[in-house]
Amino acid sequence: MNALREMSEASAPRAPALLEVDDLAVHFHVPGSGWKERKRVLRAVDGVSFGVAERETLGIVGESGCGKSTLARALLRLVPATSGHLHYAGRDLLALDAKSLRPLRREMQIIFQDPLAALDPRMTVGQIIGEPLRALRPELPRAERHARVLAMMQRVGLLPNQVNRYAHEFSGGQAQRIGIARALAVEPRLLVCDEPVSSLDVSIKSQVINLLQELKAERALTLVFIAHDLASVRHIAQRVLVLYLGRVVEIASRDAIFARPMHPYTRMLFAAAPIPDPDAARRMRDAPVRGEIPSPFNPPSGCAFRTRCAFAVERCSAERPLLRDLSGGQVACHRAEELLDQARVPV
Amino acid sequence: MPVLEVRNLSVRFATVSGGTVSAVNDISLSVERGEVLGIVGESGSGKSQTWLGVMGLLARNGRAEGSARFDGRELLGLSHGALNELRGARMGMIFQDPMTALNPFLSVGRQMTEVLQRHRGMDRRAAERECIAALEMVHITDAPRRLAMHPHEFSGGMRQRVMIAMTMLTRPDLLICDEPTTFLDVTVQRQILALLDELRQRFNTAIVFITHDLGVIAEIADRVIVMYGGRVMEQADVHTLFADYRHPYTEGLLRSVPRPDVTSHGKLATIAGNPPDLAHLPAGCPFAPRCVYREPRCETQMPELLDVGPAHWRACHHVGALGKLETAA
C-alpha cells in the first residue's frame, strides 16, 4: 500500500514528498516477567504510512504510549525499523549502511522534550552547538565552526558571551534554544520536534513556538512536530496525524481535522483538551472520556480503539479498519461515513 | 467562616552561602468550604511553596512566617505531632507525581488501610471494606484485587486515582492538589478533573488546585489567584479573571497561549524574558523587568493588592487600559 499515492489522488496536487513512510513498523522484544515466561513483543509502531511534503509542518498527536516518540526516532533511524519503507528525498533510508547514512544525518535533525536532559552537562554551550558541525562537517576550519556557533546562538536568542557556560546554568527555555541551535547548526532540511515545548513555562512556550516558526520560514525547513498539546499543534501544523496504539487512525489538514474530526478517537482526544475560557470549558465538561489506553503488549483485536469507542459494533472487533481516503483526509474507522453524516447535522 | 485563612504569609529559604531566598512574600488569602481555588503561576512564582508552608512540609532550610488558620486553629508553629494528626485526618495533599507519595514496597491496600486504622481507629477488616468502597468511588474497577497490587502495577492515571482515594478516606475539609494532572494525558486529566469535582460536591471539600495550565483553571476553579515572583498579582472569580483581567501578567498569560478550540495564525503574543530568579528579585514589582507597561516606580516600589471591582484585586501601578499585547500580536 502506498499511502502517498492515495493521498495525492484524494487531495489537491501536492509538493513532492521529502519524507515518505510506507507501512513502517518498530517492534521491541521485551523479556517476560516470570522465569519461564516467553519474550513479549511490543508493537510500538505498527504499519504506519504517511508522507511529509517539503516545507510542510506535520503535527503528530496521541496519548502517551501511542508510539509518537518511537516513530520520531525511527524516522531518523535512531531506533531500527522492524519492517516497512522509509524514503528521504527519494533515497531508501532503511537500505543505507551506517557510512552512507552519515551524509544524510546532516539533513535530518531532532530536538527533544527535556532540553536539559538532552544536553551533555560536561560540555560548554559552544561545544554542544559545535558538536554536530565537528562530526558532520569535519572539513570546516575551526574558526569557521566557531563563527557559525556564535551566529547560531545569536539567531536563537542566546548571548554570544554565554558560549563558555554550561547547560545547567540555563533555564528550561534557554536550554531548548540551545537544543534548537545545535540541531540547526548543520543546516538540516528536516527537523523532527519531539514535544519541544511540553516542559516549558507558559510564558516561554510561545517564545519557542514563534522561534521555531521563524526559523522554519527562514531556512525552508520541513517540520515533524510531535506533541500531546493540541493547542500548539493547531497553531503550528498544516496537517495533523493522529496515532493510537502504534497505528494511524486519522490524517487530515489542520483546518479539516479541527473543524470536523472523523475518527471517534480524534473526537475524544480533541474534546478532552482544556480550553482557557471558563464558559467554553464548562460546556465541554460533559464530553466523556472512556477508559485508558490499553497495554500495547496486548492490543484489542480488530480496531484497537474499540474498547473505548462509543460507536463500536461487532465488526470493529472482528476486522481491523484500514486507513482509507474520506472527505479530503484519511481515516481508519468502519463507521466513518455514518459519523461524518452525523457531524454535518447542525446541533 | 473560611476553612483556611492565610495572613501575611512569607516563606524564606536559607542558602548554603548564608543568604536567604524569598519564595513567598506577604501573601493573604482564604479558602471557603466546597470551593475550588485555582492558583496559577510559573516556575518561581511561589505557588507550591505557599502551600507547603501552610502544611508544614517545607524543606529543612525553609521557614514560614505569618499566620495560617485552619478552621480557626493556627497551623504555623504547631508541633510535628499535632500537624501530623491534622494532615492525616482533615487536610490532604496530592502531588504531581503520585510515586513520590506512595510507598513502592507496600501494597496499595496496606497503605490505604493504615490511614483508617491510624486516624479512625478501625480494625483491618473494616478498613479493607472501606478502602474497596473508596477505590470504587474513584472508578477503579475490580477493587478487591487491586488492593493487593503495588503502585508500579498501576498506570499513571490509576495511581493518581489511588492517591485521591487514599486522601479522601478521611473525608478531609481541605484538599491541596499540586499540579496533579501535569504528567497525565489530556484524556486522563479530564477524568481526574471530573472526579475531583464529584468529590467536592459529595463531601463539600475545599480544593486548592495549583497549576500552570490556564485551560485546567478555566475548567475547574471557582476563584483564581495569579502568582508571580512569590506575590499575588491578581485575584478574582474565574469568569471575571478570564473576561476582565486587570494585570499585565494575567494578560500576558492569557494572550500568549494558543487555544485548542481556535486556529491562530502568525505569531503568538509573548511575554519577553525569563521567569524570575528568586535570589535576585527586583526591589519593586517582580514582574516589572518583563512588563510592557513598566513605569519608573514599578522598579522601586511593590504595588499594593487593591480592589478593582467586587471581589477582584490586583497589584499593579499601571492606571491606563491594557491591550498592548493584543496589538503587538
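The rules we used
Residues numbered from 1 in each chain as written. Chains lettered and ligands numbered in written order. Predicted model: local features only at pLDDT ≥ 70, side-chain atom pairs only at ≥ 80, totals over all residues. Heavy atoms only, no water. Pairing = 2+ DSSP bridges. Helix = DSSP H or I, 4+ residues; strand = E, 2+ residues; numbered from the N terminus. Axes fitted to C-alpha atoms, helices over the stretch in contact; angles between N-to-C directions. Phe/Tyr/Trp six-rings, centres within 6.5 Å; stacked < 30°, edge-to-face > 60°. Lys NZ or Arg CZ within 6 Å of the ring centre and 35° of its normal. Parallel < 35°, antiparallel > 145°, perpendicular 65-115°, else oblique. Left-handed = near helix turned anticlockwise from the far one by under 90°. Contact = heavy atoms within 4.5 Å. Buried < 20%, exposed > 50% of the residue type's maximum accessible area, 1.4 Å probe, protein only. Buried area = accessible area lost by both parts, 1.4 Å probe. Salt bridge = Lys/Arg side-chain N within 4 Å of Asp/Glu carboxyl O. Polar contact = N/O pair within 3.5 Å; in protein donor to acceptor, adjacent residues only side chain to side chain. Nonpolar A, V, L, I, M, F, W, Y, C, P; charged D, E, K, R; others polar.

Asker: What's the story with the sheet that holds strand β6 (residues 108-111) of chain A in this structure? I'm lost.
Answerer: Either a parallel or an antiparallel arrangement is found when strands of a sheet pair, and the pairing is made through backbone hydrogen bonds. All names here are of chain A. The mixed open sheet is built from eight strands, whose spatial order is β6-β7-β8-β3-β9-β10-β12-β11. The sheet terminates laterally at β6 and β11 (324-326), the two strands that pair on one side only. Shown here is a sheet whose adjacent strand axes are inclined to one another by a mean of 25°, direction ignored. Pairing geometry for strand β10 (residues 247-253) and strand β12 (residues 329-331), over two bridges, is antiparallel.

Asker: Would you explain the packing of aromatic side chains in this entry?
Answerer: A ring pair, where both rings are aromatic, is described by two values, the distance of the centres and the angle of the planes. All chains considered together, the criterion is met by seven aromatic pairs over all chains. When the ring of Y228 of chain B is compared with that of F287 of chain B, the centres are 5.1 Å apart and the planes differ by 80°; the resulting orientation is edge-to-face. Note that Y228 of chain B is positioned in strand β9 (residues 223-228) and F287 of chain B in the loop between α10 (248-256) and β11 (305-309), a separation of 59 residues in sequence. Taken together, the ring pairs in this structure connect Y244, Y265 and F305 of chain A into an aromatic cluster. Over the ring of F170 of chain A we find R165 of chain A, and its NZ or CZ is 5.3 Å from the ring centre.

Asker: Is there a simple way to think about the packing of helix α10 (residues 264-272) of chain A against helix α7 (residues 186-203) of chain B in this case?
Answerer: The relative placement of two packed helices is expressed as an angle between their axes plus a distance between the axes. Interhelical geometry of α10 of chain A versus α7 of chain B gives an angle of 55° and a closest axis separation of 8 Å. Classified by the angle their axes make, α10 of chain A and α7 of chain B are oblique. Remark: the crossing between α10 of chain A and α7 of chain B carries left-handed chirality. Of the residues in α7 of chain B, those touching α10 of chain A at M268, L269, A271 and A272 of chain A are V186, T187 and R190 of chain B.

Asker: Looking at this structure, how should I read the pairing of β10 of chain A?
Answerer: Look at any regular strand and the pattern is simple: side chains alternate between the two faces of the sheet. All names here are of chain A. Buried residues dominate β10, accounting for six of its seven residues. Inspection of the sheet shows strand β9 (residues 239-244) paired to β10 by six bridges, in the antiparallel sense. Bridged to L241 within β10 is I251. Here β9 hands over to β10 after two residues, with L245 in that stretch at a positive phi of 45°.

Asker: Which parts of the structure should I look at to understand the interface of chain A and chain B?
Answerer: A common measure of how large an interface is: the accessible area buried when the components associate. Facing 42 residues of chain A, the contacting portion of chain B comprises 49 residues. Across the chain A/chain B interface, buried area totals approximately 4,000 Å², and carbon plus sulfur atoms make up 52% of it. For the pair chain A and chain B, the interface holds two salt bridges. Between K267 of chain B and E214 of chain A there is a salt bridge, and its shortest N-O distance comes to 2.8 Å. At the surface where chain A touches chain B, the tally comes to 22 residue pairs in polar contact (both at pLDDT 80 or more). Elements supplying a minimum of two residues to the side of chain A that touches chain B: α7 (202-219), α8 (230-236), α9 (254-259), α10 and α11 (278-284) of chain A. Element by element, the count of residues in the side of chain A that touches chain B is highest for α7 of chain A, at nine residues. Residue composition of the side of chain A that touches chain B, grouped by class: 18 nonpolar, eleven polar and 13 charged.

Asker: Where do I start with the sheet that holds strand β10 (residues 231-237) of chain B in this structure?
Answerer: Residues and elements named next belong to chain B. Reading across from one edge, β6-β7-β8-β3-β9-β10-β12-β11 is the order of the eight strands in this open sheet, with mixed pairing throughout. If you trace the sheet from one side to the other, it starts and ends with β6 (91-94) and β11, each paired once. Neighbouring strand axes in the sheet, compared pairwise and without regard to direction, differ in orientation by 20° on average. Strands in contact with α10 are β3 (36-40), β9 and β10; relative to β9, the strand with the most contacts, it is inclined by about 105°.

Asker: How should I be thinking about unusual backbone geometry in this particular structure?
Answerer: The general pattern is negative phi for most residues beyond glycine and trans for most peptide bonds. All names here are of chain B. For H139, which is not glycine, the phi dihedral falls at a positive 60°. When you line up the elements, H139 lands in the loop between α4 (124-137) and α5 (143-146). Classification of H139 by relative accessible area gives partly exposed; the value is 46%. Positive phi, normally seen in glycine, also occurs at N204, with a value near 55°. Tracing the backbone through its elements, the reader meets N204 in the loop between α7 and β8 (206-211). Exposure remark for N204: the relative accessible area of 45% places this residue in the partly exposed category.

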